[in-house]
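So the chains spell out like this:
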Amino acid sequence: MTDFTAHGRECERLSKPQDALEAYSSAIQADVQVFEALKARAALLMRFGQLQHALADCIHALQHDPKDAGLWISKGNIEIAIGQHEDGVASLRKALELEPDAPEALFGLGSAFHVMGRNQDAVNAYQAVLRRDPNHVAVCSNLSTILIEHGHHAQGKQFAQRAVAAAPRFANAVFNLALCHDALGETAEAERVYRALLDIDPDHDRAMVNLGTLLGRAERNKEAFGYFRKAMKIKPDWTLPTMNAALTLREMGQEQYAKDLVAKVVEEEPYNLLAALVHAVAALPAVAKNEAERLASRDLFEDRLRAVRISLTSATAADIEIATGAIQPYYLAYQSDDNRALLAEYGSIIVDAMSRFQSLAKARSKTESDRLTVCIVTAYARKHSVWDAITKGLVKLLDRTMFRVVLFSIDPRDPCPPDLKVDQGDTFVSGHGSLSQWISAISEQFPDVLIYPEVGMNHRVLQLAALRLAPRQYAMWGHPETTGLSTIDGYFSGAVYETDDADHYYVEKLIRLSGTASFYEPGASISHAKPDLAASSDGRPRIVCPSAAFKFQPENDQVFVDIVKANPTADLVFFHMTKRWISERFEERLRKVFSDAGMNLDSHVTFEDWMSPNDFHRYLAGSTVVIDTMGFSGYNTAMQTLEVGTPFVAYEGRFMRGRLGAGVLRTIGMDDLVAGSSETFVTMVTDFVQSSSLQQAARARIADMRHKLFEDLSVIAGIEQELLNPSVSPHS
């Protein structure tokens, strides 16, 4: 009689699985060695993905021998794979009754519990495996996955490293190791490991997208785009790499190519939230070609927001976390129009989207502390314009007898600032995590007050600001524009920046702090900058406008023509940005304006390369006069100019964002350097260029008065007063 089971095993050895399957079926039909044939066929059917048939064979085989632990393990794994989790757990536990500590059963239980969201049970099962096999590759890899999901990247890294040490080509573990390096701010190692993974699995689309994202953060956009494009080819129905490619193209200045990619996704997936958001915000150009394009972009943005709201109705929580803040209407702030209505509509959509996550915030518990817990959430807990002007003073000077400070840094690269008083109960939280992890981290501190120094510059900060995580929530002027979010109760600004009727430009309650609303510490390297590098070789007066090119709006271009006409021997200086395409587009637009006026741009205007801070300060120190940006004034530019002692001419606009430089000058009593019209602005600049005595007098006044700008304790006192005696109503 033919031994069908033995023949089947031989066919498997010869890599003839179909013949093996037929042999096992023949054995079962002939009622010969049925138990062994059923076990073998079940295992083969599992390999073929025919799970229901495999499950039936396991059940049939167990009728012959209900004490076969291996069969119970196979049955349990199949049940888990087809979504019958409770049945699978029961089968695996039956296997453990028959064979205590069976690693395959414990591993299966761990996998089942992980899928079921019973993570502690999963960890317990996996640890039982590790007690027998400390370097079990799959277990170490899966434990790292659980730890990563809970934001414990340092521990996750350790398990991933153990798995990779044991099996260097185990793709899941290598991917987890790269994720941990990335989350811990170990960028170089993350890049190396992602590249190693792509050597192991050249079609690993998630590794491609993550590596592209990492390279994009480092502004290595051409490389980033290459990886997004590869992922698009491998998985064309996955929208994320396409949208990331579009965002990267936008950063590279290839806006039309980016728009075409986004438009294609919007056409194919009209309810895709990420595509709808990118499509809306991308309507706002970094540098408008002319005034007509700028005005049209606002209407287009408003129109496309309607599609975003419609897309929101069918979006999942995962869709919302990916989409919200992926691109923000950052460039809108540089347009000198009232943006409240547009940002209120945008903010309303964001708040509605984020409401899906509100239930993750822990309910507040009453504490006996005499101090208020003030949580500060920022993406810049390091040397940065927002940190220098706003956040550092708060962290350093809030009275710790009245306030406990918890500083949340979204950027994992940020170290704990030395100004944080950990010995007095302060807490520093930094790192990379999911939205739910950040919500938990903040709500676990039970904040009485949340302060966001800048909203509109980081996607995670925007997401958190659009939630109710504290009874009172405030924004500050790090991004000098209303947030548009109904979840933000108050907006800290400076009285010197705001007009009497400015309240209606804000969705939030406007809170006017004294002076410049900044505790700014002077920098010794700035105030001692020597102008030796900066002197013009030809002796021409130098008028410097050092702002980023996207701040210049077409409506103000004529002012530069007028300045040059009034000062034909002077050199008007702008700066090329690191994203050179932005400044080149501004230069191209300016060239046309000058040409229309019958003037040669190159004879009067210089574009300098972006400089290091030290070289920039020396350049300012050697300049004749530094001029403000109309529409979006530069606070840090004004402060650094005055620190080196160079005259600064400000233009006072309608909104706070266009009045920062003017506010700085008014604070030190130099109102005569503040222009209220373009004509006056040109006249003031011309007076400085043509009068050395005026220059000298201004430098002397600056040297005498600029100390009033530094270390203004009244600003901190004003914030403390609001926190203790709020002008906004608390929310439960």
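Residues numbered from 1 in each chain as written. Predicted model: local features only at pLDDT ≥ 70, side-chain atom pairs only at ≥ 80, totals over all residues. Heavy atoms only, no water.

Moving on, we come to the packing of aromatic side chains. Tallying each qualifying case throughout the model produces 30 aromatic pairs. Ring geometry for W477 versus Y635: centroids 5.0 Å apart, planes at 80°, classification edge-to-face. Of the two residues, W477 is situated in the loop between β5 (472-475) and β6 (490-494) and Y635 in helix α28 (residues 635-644); the sequence distance between them amounts to 158 residues. Like W477, the residue Y635 is buried in the burial classification. Ring geometry for Y651 versus F681: centroids 5.9 Å apart, planes at 85°, classification edge-to-face. Pair noted here: Y651 is in strand β12 (residues 648-651) and F681 is in helix α30 (residues 678-690), with a separation of 30 residues, a long-range link. (Phe/Tyr/Trp six-rings, centres within 6.5 Å; stacked < 30°, edge-to-face > 60°. Helix = DSSP H or I, 4+ residues; strand = E, 2+ residues; numbered from the N terminus. Buried < 20%, exposed > 50% of the residue type's maximum accessible area, 1.4 Å probe, protein only.)

The next subject is the pattern of salt bridges. One pass over the full model with this rule turns up 48 salt bridges. The partner of R9 in a salt bridge is E36, and the shortest N-O contact between them spans 3.2 Å. Of this pair, R9 sits in helix α1 (residues 4-13) while E36 sits in helix α3 (residues 34-48), placing them 27 residues apart in sequence. The partly exposed category is assigned to E36, whose relative accessible area is 32%. Here R195 makes a salt bridge to E223, at a shortest N to O gap of 3.4 Å. Residue R195 is found in helix α12 (residues 187-200), and its partner E223 is found in helix α14 (residues 221-234); the two are separated by 28 residues along the sequence. A relative accessible area of 35% means that E223 is categorised as partly exposed. Within this structure, E291, R294, R298, D337 and E555 form a network of salt bridges that share partners. (Salt bridge = Lys/Arg side-chain N within 4 Å of Asp/Glu carboxyl O.)

Another point: the pairing of strand β9 (residues 571-575). Most of β9 sits inside the fold, with 5 of its 5 residues counted as buried. Of the two faces of β9, the one carrying D571, V573 and F575 and the one carrying L572 and F574 are both buried. Regarding the hand of the β-α-β motif, the stretch spanning strand β8 (residues 542-544), helix α25 (residues 557-566) and β9 is right-handed. Bridge count between β9 and strand β10 (residues 605-608): 4 bridges; the pairing is parallel. (Right-handed = clockwise from strand over helix to strand, strands pointing away. Pairing = 2+ DSSP bridges.)

Sheet architecture is open: 7 strands sit in the order β3-β2-β1-β4-β5-β6-β7, paired in parallel fashion. Where the open sheet ends on each side, the last strands, each with one partner, are β3 (427-430) and β7 (509-513). Taken pair by pair, the neighbouring strands of this sheet meet at an average axis angle of 25°, ignoring direction. Pairing analysis gives 4 bridges linking strand β4 (residues 449-452) to β5, with the strands arranged parallel. Bridge assignment links L450 to a residue of β5, and that residue is Q473. (Axes fitted to C-alpha atoms, helices over the stretch in contact; angles between N-to-C directions.)

This part covers the sheet that holds strand β11 (residues 625-627). Across the sheet, which stays open at both edges, the 6 strands sit in the order β10-β9-β8-β11-β12-β13 with parallel pairing between neighbours. Because the sheet does not close on itself, it has two edges, and the strands there are β10 and β13 (674-675). One ladder, built from 2 bridges, connects β11 with β12; its direction is parallel. Looking at β12, one finds that I627 is bridged to V649. Across the sheet, α25 touches β8, β9 and β11, and the angle it forms with β9 is around 145°. (Contact = heavy atoms within 4.5 Å.)

Each α-helix winds once per 3.6 residues, and so residues spaced three or four apart point in a common direction. A rise of 1.5 Å per residue sets the reference length of helix α9 (residues 137-149), with its 13 residues, at 18 Å; its end C-alpha atoms lie 19 Å apart and thus fit the reference within 8%. Within α9, 11 of the 13 residues are buried, which leaves it mostly tucked inside the rest of the structure. All of the buried residues in α9 are V137, A138, V139, C140, S141, N142, L143, S144, I146, L147 and I148. Contacts from the buried residues of α9 go to α7 (103-116), α8 (119-132), α10 (153-166), α11 (171-183) and α22 (435-443). (Expected span 1.5 Å × (residues − 1).)

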